[in-house]
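Chain residues, written in single-letter form:
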Amino acid sequence: MPDTLTFLGLESSCDDTGAAVVRHTDGEIPQVLSNVVEGQTALHASFGGVVPEIAARAHAERMDDCVERALGQAGVTLADIDGIAVTAGPGLIGGVLSGVMCAKGLSAGSGKPLIGVNHLAGHALSPGLSEELHFPMLMLLVSGGHCQFLIVRGVEEFHRLGGTIDDAPGEAFDKIARLTGLPQPGGPAVEQAALEGDAKRFPLPRPLLDRPGCDMSFSGLKTAVLRARETVITNENTLARQDVNDLAAGFQKSVCDVLEEKTRRAIAIYLEEKPAVPTLAVAGGVAANKAIRAALETVCSENNLRFTAPAMQYCTDNAAMIAWAGLLRYQLGAKDDLTLSARPRWPLDKIQAGMLGSGKKGAKA
């Protein structure tokens, strides 16, 4: 295998169509030569969330253009590519299928190897786009559809310590935005509103902190925000701006407190493995939230752990992380063919049973 590999990555698991080119030389940090992302926020804005059929059609229409732009920006052609990586799950099945079929066509036409990538593995390995990965590391994967604590022992070895049994934090952020009249996507909107809010005004719960373990729940927190909202809503079914800010701040603080405490518990379990470089890595769209990052950095400082997270542009769904994960799998000898299937569910931990509960983007594990 050559010392330098160049991979094309395709991502279409939810509502972002992505194509990217990543080059890696042994012993060096990978180079992201291009990272094209076409969002669909405007297409879904009037529905208050992602509509799977609309998302799938948009992926099918945009993917070839994204690939062409990614190759052009990277200054390469398909002939220069060593392999094609594609998200093969988990995700909205129509979108995943769009990406997989495009990747199959590119592979068949160019003769380049095809590598199917677990979308969650892409997130889990995404800190490696900016710095060297040290295994085993503790990973908090926190996004719109998933929330898990994982001990990552290698490129394809994941052990789940716990996860959400219902709504993922990102999904809860979207729902709170809808409840308070904030725009979608909900994460950035709630975070911005919380900056002007009083987090102590509404007494919101911290679910499952009274139970041992690393499992989490955010559905009841969403219900508590709904009930708090009903105490201040006007006869015109509207909220004052300060009420919105205070609800957003209280909700965000509750999520921070839950993640902070559950992270402490996960760290205690992780340290039993005596890692050479104790590391907490945080990835996924919610990792872009500055308040959550700050809370987790504090926990790491208290426990003498190294904190790492991907650059902001690699927190949300993107194809660079898929190209990177595919390249790492290829180095281990992985290779798929035209029988590669699109999967709506695909747990990272191959031993433990899947988590109970399901949200709008499928089972949490």
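No experiment lies behind these values; they were computed from the predicted model shown.

Cut-offs and rules
- Residues numbered from 1 in each chain as written.
- Predicted model: local features only at pLDDT ≥ 70, side-chain atom pairs only at ≥ 80, totals over all residues.
- Heavy atoms only, no water.
- Buried < 20%, exposed > 50% of the residue type's maximum accessible area, 1.4 Å probe, protein only.
- Helix = DSSP H or I, 4+ residues; strand = E, 2+ residues; numbered from the N terminus.
- Pairing = 2+ DSSP bridges.
- Axes fitted to C-alpha atoms, helices over the stretch in contact; angles between N-to-C directions.
- Parallel < 35°, antiparallel > 145°, perpendicular 65-115°, else oblique.
- Contact = heavy atoms within 4.5 Å.
- Nonpolar A, V, L, I, M, F, W, Y, C, P; charged D, E, K, R; others polar.
- Phe/Tyr/Trp six-rings, centres within 6.5 Å; stacked < 30°, edge-to-face > 60°.
- Expected span 1.5 Å × (residues − 1).
- Arc of directions from axis to C-beta.
- Polar contact = N/O pair within 3.5 Å; in protein donor to acceptor, adjacent residues only side chain to side chain.
- Disulfide = S-S within 2.5 Å.
- Left-handed = near helix turned anticlockwise from the far one by under 90°.

1. A few points about the pairing of strand β8 (residues 157-163)
Item 1. The buried count for β8 comes to five of seven residues, which makes it a mostly enclosed element.
Item 2. Here strand β7 (residues 147-154) runs beside β8; their pairing, made up of six bridges, is antiparallel. When the bridges of β8 are listed, Q148 appears paired with G163.
Item 3. Between β7 and β8, which pair antiparallel one after the other, the connecting turn spans two residues.

2. Examining the packing of helix α5 (residues 169-180) against helix α7 (residues 219-230)
Item 1. The interhelical angle for the contact between α5 and α7, taken along N-to-C directions, is 10°, at an axis separation of 10 Å. The orientation of α5 relative to α7 falls into the category roughly parallel. Counted together, K175, I176 and L179 of α5 and K222, V225, L226 and R229 of α7 form the full contact between these two elements.
Item 2. Within the contact of α5 with α7, the residues separate by chemical class into four nonpolar, no polar and three charged.

3. Here we look at the packing of aromatic side chains
Item 1. This model, assessed by the stated rule, comprises two aromatic pairs.
Item 2. Between F7 and Y330 the ring centres are 5.4 Å apart and the planes differ by 55°, which places this aromatic pair in the tilted class. With F7 in strand β1 (residues 4-11) and Y330 in helix α10 (residues 320-331), this pair connects stretches of sequence that are 323 residues apart. Of the two residues examined, F7 and Y330, each falls in the buried class.

4. So, α7
Item 1. With twelve residues, α7 extends 17 Å from end C-alpha to end C-alpha; this agrees with the ideal 16 Å at 1.5 Å per step.
Item 2. Restricting attention to buried positions, one finds in α7 the residues L221, A224, V225, A228 and R229. The arc that holds the buried residues of α7, viewed along the axis, is 140°, so those residues lie on one side. Residues R227 and E230 are exposed on α7 and point more than 90 degrees away from its buried face.
Item 3. Contacts made by the buried residues of α7 are with α5 and α8 (241-270).

5. Points about the side chain of H59
Item 1. Considering the arrangement of structural elements, one finds H59 in helix α2 (residues 52-74).
Item 2. Of the residues examined, H59 reaches a relative accessible area of 0% and is grouped as buried.
Item 3. Within the structure, H59 has its side chain in polar contact with the backbone oxygen of S12 (distance 3.5 Å).

6. Examining the state of the cysteines
Working definition of a disulfide: a covalent bond connecting the sulfur atoms of two cysteines.
Item 1. Taken as a whole, this structure holds zero disulfides when the rule is applied.
Item 2. With no disulfide of its own, C147 has C214 as its nearest cysteine by sulfur position, at a separation of 11 Å.
Item 3. Note on C147: relative accessible area 0%, which makes it buried.

7. As for the sheet that holds strand β3 (residues 31-39)
Item 1. One open sheet accounts for five strands, arranged β3-β2-β1-β4-β5; its pairing is mixed. On the outer flanks of this sheet lie β3 and β5 (114-118), each paired with one strand and no other. Across this sheet, the average inter-strand angle for adjacent strands is 20°, counted without regard to direction.
Item 2. As paired elements, strand β2 (residues 16-25) and β3 share eight bridges and run antiparallel to each other. Bridge pairing in β3 places T17 opposite E38.
Item 3. Across the face of the sheet, helix α3 (residues 93-110) comes into contact with β1, β4 (83-89) and β5 while running at roughly 155° to β4.
Item 4. Strands in contact with α10 are β1, β2, β3, β4 and β5; relative to β1, the strand with the most contacts, it is inclined by about 130°.

8. Some thoughts on the packing of α5 against α8
Item 1. Closest axis-to-axis distance for the α5/α8 pair is 11 Å, and the angle between their directions is 165°. Regarding the angle of α5 to α8, the classification is roughly antiparallel. Our pair here, α5 against α8, has a crossing hand that is right-handed. From α5, P169, A172, F173, I176 and T180 reach across to α8, where they touch V244, L247, F251, Q252 and V255.

9. A few points about the environment of H159
Item 1. Topologically, H159 is positioned in strand β8.
Item 2. On the basis of relative accessibility, which here comes to 27%, the residue H159 falls in the partly exposed class.
Item 3. Separated by 25 residues in sequence, H159 and H134 have C-alpha atoms that sit 16 Å apart.
Item 4. Apart from the residues within four sequence positions on either side, H159 is in contact with F149, L150, I151, R153, D349 and Q352.

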